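Breakdown of the fold
So you can see what is in the structure, the chains are spelled out below.
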Amino acid sequence: MKKGRIKVMQGNEACVEAALLAGCRFFAGYPITPASEILEGMARRLPLVDGFCLQAEDEIAALVSVVGASWGGAKAMTATSGPGFCLMMEAVGLAASVEAPCVIVNVQRGGPASGQSTSTAQGDLYQARYGSNGDYSLITLCPSTAQEMFDHTIRAFNLAERFRIPVIILSDEVVAHIREKVFIPEPDGLEIAERKKPAVPMEKFVPFQAGEDDVPPMPAFNTGYKIPVISQAKSLNGNRGNAREAEAFIRRICRKVDARIAEFADVRTYGDEKAQTAFVSFGSVSRAARSAVDMGRERGLPLRSVEVKTIWPFPDDLLEKKLEGAKRIVVAEMNLGMLRNEVQRVLRDPEIEIELFSKIGGLYPLPQEFLRFLEEKR
Amino acid sequence: MNPLGEKYLRKDFLPFLFCPGCGNGMITQAFLQAVDDLGIFDDLALTAGIGCSAWIAVYMHADVLKVLHGRAIPAAIGLKATNPSRKVVTFTGDGDGLAIGGLHLLHAARRNIDMTVILVNNQIYAMTGGQVAPSTQAGSRTQTTPYGSVEKPLDGCRVATAAGATLVSRWSTAHPKQLTRAFKKALNHRGFSFVEVLSQCPVQTGRYILGSGSPSFNLQWLRDHCVPVEDPARMGEVEAQGKVPLGDFLEIQNPEFMEEVQRMNREAKEARGKGGDR
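Small disclaimer: the values here were computed from a predicted structure and weren't measured.

**With respect to the overall build of chain B**
- A count of helical and extended segments in chain B gives twelve helices and eight strands.
- The C-alpha radius of gyration of chain B comes to 19 Å, within 12% of the 19 Å expected for a compact globule of 278 residues.
- For chain B, the spread of C-alpha atoms along the principal axes amounts to about 70 × 45 × 35 Å.
- In chain B, buried positions account for 53% of the 278 residues.
- Nonlocal contacts in chain B, meaning residues at least 24 apart in sequence, comprise 65% of its contacts between residues at least 6 apart.

Dropping the structure here:
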């Protein structure tokens, strides 16, 4: 048993707690429901650990200053919700292009536009992956509980440092505001990753040259490396690349993540792993799916809940494995079928029935609705 | 090569991408002269956005973060906050700094964060091919104002002053000595300093607005149309003649942002030690 303490906290509070333990010392954000508690928590906690919290003039400034802080040598984070996430999109691509490790929390609420500020939703799934222009890759994690919000926040910083990418935590209003027990390990019980620093002096350092892992070492500014970091497609020395160099750069920043998906992909099963009927979900909907599995068990109905924890890059192989033997698959989500589209793309067996249980408008799906869906559609 | 260039430029990035006759080379020289005189090159952390002026930073062999259009100031704040001993300097243009990035300028000035913004004003969107800018004189014909601009230009120095900047200067590439001196004062200033540099763009502004693509014509235009004023109160008189006032308009001392942050952090920790925090 790991040493630590148990505290009752909101998902948003768990995020703050974990970020500080992961070593986050720079936070910038703009107030927005339902994410504001993260900015508020950081504003209260960071000064106590010699960190810095900025309430930025908008979400663009928030994420761009996070990128600046990352190159400044700090672990940095921002948090927002849909409308703010829209503003951040240009800087998501920036973070990917300048390979600045950082963490972006999107506490999803109803959309489009201002949508429903206090209601839950999962409509930003594609935006998290494809929101910025051009080809790039990043990792997106989807917590379903306050505990997972804590664990995923630590993991997000570690993955960001490991791959030098923006990592998105796709939370939602339910996870943000639910209060439940969170186990907080002692700091020495946590695995904390740090970005790889150059092993050679400036004269021998080639800024964007990577080894076999496709991740170049990253010096902080003002440590003697005098590095040119531009938002353009780069050559190895950091200048604007020609067509060949640009291609190599873009392929590398995608490959460094996509080719290593087996290292971090996480899909969990709850319930009967051999059940022919499976729910597939992510984020807070997985909570209701788990309850539905329990209720099914009481009624003698074998069910499994397959829960995607790392949703981007989409874990094709792992999901297929977790769904082996399933004949009827119900994808449950709070949007009009984004996860369903991915599941359909992965599972091409025409014998397998893939159905969509969609709930939008701000009401959270109840476990009994899952079972009713199974009965009514039959 | 110019000895300053020899000492401080990133030679593997040369030649410059600037057009012949561009003012950016003169601004680079004035800036490097100021930095060399102060001996602070190793402390520099430069940021820039998008546009011709942004590339000034990239050629300097310093740590440089060149981000998205208009976003150089937020990037600078991230760098300053993570190490206040850095000399953070942002190179921006009139479009980058006054249009798409205008909001960031207001708020950085308001906070009085210790950094220097160098706004290169060539009165046009040059890199994209000569479109009207927020600094373009009313009546000017550009690619996007083919019948003449009907918009009034925005004065970056007045904006910075109103927003809370504590050092504000404007010079031109036709005044290199004054410009170098203004850079030095700005780099030495504790707080948010803003230096606007009126610069010639023979290829866009010159050809399409002023009537000649000749670099010497354009530099002479700056000499003829810029009037140094000792007293900022006289700016209006100069403007009434259709000319641009230059000068060191403002230099005051106000509490600096990062120092205030450090004081706040210290006090918060002390209060917590006494059981004052929640």
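**Side note on helix α2 (residues 24-38) of chain B**
Residue and element names in this part refer to chain B.
- Over its 15 residues, α2 runs 21 Å from end to end, which matches the ideal 21 Å to within 8%, given 1.5 Å per residue.
- Taken together, the buried positions of α2 are Asn24, Ile27, Thr28, Ala30, Phe31, Leu32, Ala34 and Val35.
- On the buried face of α2, the contacting elements are α1 (3-8), β1 (44-48), α3 (54-58), β4 (115-121), α8 (176-188) and β6 (192-198).
- In the segment just after α2, Gly39 is the residue with positive phi, at about 65 degrees.

**A few points about the interface of chain B and chain A**
- Opposite the 35 residues of chain B that make contact, chain A presents 34 residues.
- Among the secondary structure elements, those contributing two or more residues to the side of chain B that touches chain A are β1, β2 (63-66), α4 (72-82), α6 (102-111) and α12 (257-273) of chain B.
- Looking at which element gives the most residues to the side of chain B that touches chain A, the answer is α4 of chain B, with eight residues.
- Pairing of strand β9 (residues 228-230) of chain A with β2 of chain B involves three bridges; the strand directions are parallel. Bridged to Val229 of chain A within β2 of chain B is Leu65 of chain B.

**Notes on the sheet that holds strand β11 (residues 277-282) of chain A**
Residue and element names in this part refer to chain A.
- The five strands lie next to each other as β10-β12-β11-β14-β15, forming an open sheet whose pairing is mixed. Only two strands of the sheet have a single neighbouring strand rather than two, namely β10 (267-271) and β15 (353-358). When strand polarity is set aside, the average angle formed by the axes of neighbouring strands in this sheet is 25 degrees.
- Two elements, β10 and strand β12 (residues 303-308), share five bridges in a ladder whose sense is antiparallel. Its bridge partner lying in β12, Thr269 is registered against Val306.
- Contacting β10, β11, β12 and β14 (328-333), helix α10 (residues 285-298) runs over the sheet at an angle of about 165 degrees to β12.

**Digging into the domain arrangement of chain A**
Residue and element names in this part refer to chain A.
- With domains assigned, chain A is organised as domain 1 (4-189) and domain 2 (270-377).
- Measuring from the centre of the C-alpha atoms in domain 1 to the corresponding centre in domain 2 gives 26 Å.
- The partner domain 2 presents 21 residues to the 24 residues of domain 1 that form the contact.
- Residue assignment for the side of domain 1 that touches domain 2 shows that the elements contributing at least two residues are α5 (125-130), β6 (139-141), β7 (166-172) and α7 (173-177).
- In terms of residue count, the dominant contributor to the side of domain 1 that touches domain 2 is α5 (four residues).
- In terms of residue class, the side of domain 1 that touches domain 2 is built from twelve nonpolar, ten polar and two charged.

**Structural notes on the pairing of β6 of chain B**
Residues and elements named next belong to chain B.
- Extensive coverage of β6 is indicated by the burial of seven of its seven residues.
- Neither face of β6 is left uncovered, since the one carrying Phe192, Phe194, Glu196 and Leu198 and the one carrying Ser193, Val195 and Val197 both have all their residues buried.
- Sheet topology note: the β4/β6 ladder contains seven bridges and is parallel. Bridged to Val117 within β6 is Phe194.
- Running through α8, the crossover from strand β5 (residues 167-172) to the neighbouring parallel element β6 is right-handed.

**Regarding the packing of helix α3 (residues 59-71) of chain A against α4 of chain B**
- The interhelical angle for the contact between α3 of chain A and α4 of chain B, taken along N-to-C directions, is 45 degrees, at an axis separation of 6 Å. Relative to α4 of chain B, α3 of chain A is oriented oblique. Crossing handedness for the pair α3 of chain A and α4 of chain B: right-handed. Residue-level inspection shows Ala61, Val64, Ser65, Val66, Val67, Gly68, Ala69 and Trp71 of chain A of α3 of chain A in contact with α4 of chain B, the latter providing Pro74, Ala75, Ala76, Ile77, Gly78, Leu79, Ala81 and Thr82 of chain B.
- For the contact of α3 of chain A with α4 of chain B, the residue count by class is twelve nonpolar, four polar and no charged.

**Considering helix α8 (residues 243-258) of chain A**
Residues and elements named next belong to chain A.
- In this model α8 runs 22 Å from its N-terminal to its C-terminal C-alpha over 16 residues, within 8% of the 22 Å that 1.5 Å per residue would give.
- Among all positions of α8, only Ile253, Lys256 and Val257 are buried.
- Looking at the packing, one finds that the buried side of α8 touches α4 (82-97), β6 and α6 (146-163).

**Brief notes about the sheet that holds strand β3 (residues 52-55) of chain A**
All names here are of chain A.
- Judged by pairing direction, the sheet is mixed, and its seven strands sit side by side in the order β3-β2-β4-β5-β7-β6-β13 without closing on themselves. A single partner strand is all that each edge strand has here, and the edge strands are β3 and β13 (310-312). On average, each strand axis in the sheet is inclined to that of its neighbour by 25 degrees, with strand direction left out of account.
- Where β6 and β13 come together, two bridges link them in antiparallel fashion. Of the residues in β13, the one forming a bridge with Leu141 is Thr310.

**Topic: the nonpolar core**
- Ranked by internal contacts, the top residues of the largest apolar core, which has 193 residues, are Val67 of chain A together with Phe194 of chain B.
- Filtering out sequence-adjacent residues up to four positions away, Phe194 of chain B remains in contact with Ala109, Val117, Leu119, Cys157, Ala160, Ala165, Leu167 and Val168 of chain B.

**Side note on the confidence of the model for chain B**
- Here chain B averages 96 in pLDDT, and 99% of its residues register 70 or above.
- Reported for the predicted complex are a pTM of 0.98 and an ipTM of 0.97.

Calculation notes
- Residues numbered from 1 in each chain as written.
- Chains lettered and ligands numbered in written order.
- Predicted model: local features only at pLDDT ≥ 70, side-chain atom pairs only at ≥ 80, totals over all residues.
- Helix = DSSP H or I, 4+ residues; strand = E, 2+ residues; numbered from the N terminus.
- Rg over C-alpha atoms; globule rule 2.2 N^0.38 Å.
- Buried ≥ 20, exposed ≤ 12 C-beta atoms within 10 Å, placed from the backbone.
- Contact = placed C-beta atoms within 7 Å.
- Expected span 1.5 Å × (residues − 1).
- Pairing = 2+ DSSP bridges.
- Axes fitted to C-alpha atoms, helices over the stretch in contact; angles between N-to-C directions.
- Domains from an automatic or database assignment.
- Nonpolar A, V, L, I, M, F, W, Y, C, P; charged D, E, K, R; others polar.
- Right-handed = clockwise from strand over helix to strand, strands pointing away.
- Parallel < 35°, antiparallel > 145°, perpendicular 65-115°, else oblique.
- Left-handed = near helix turned anticlockwise from the far one by under 90°.
- Core = buried A, V, L, I, M, F, W, Y, C linked by C-beta atoms within 7 Å.
- pLDDT = per-residue confidence, 0-100.

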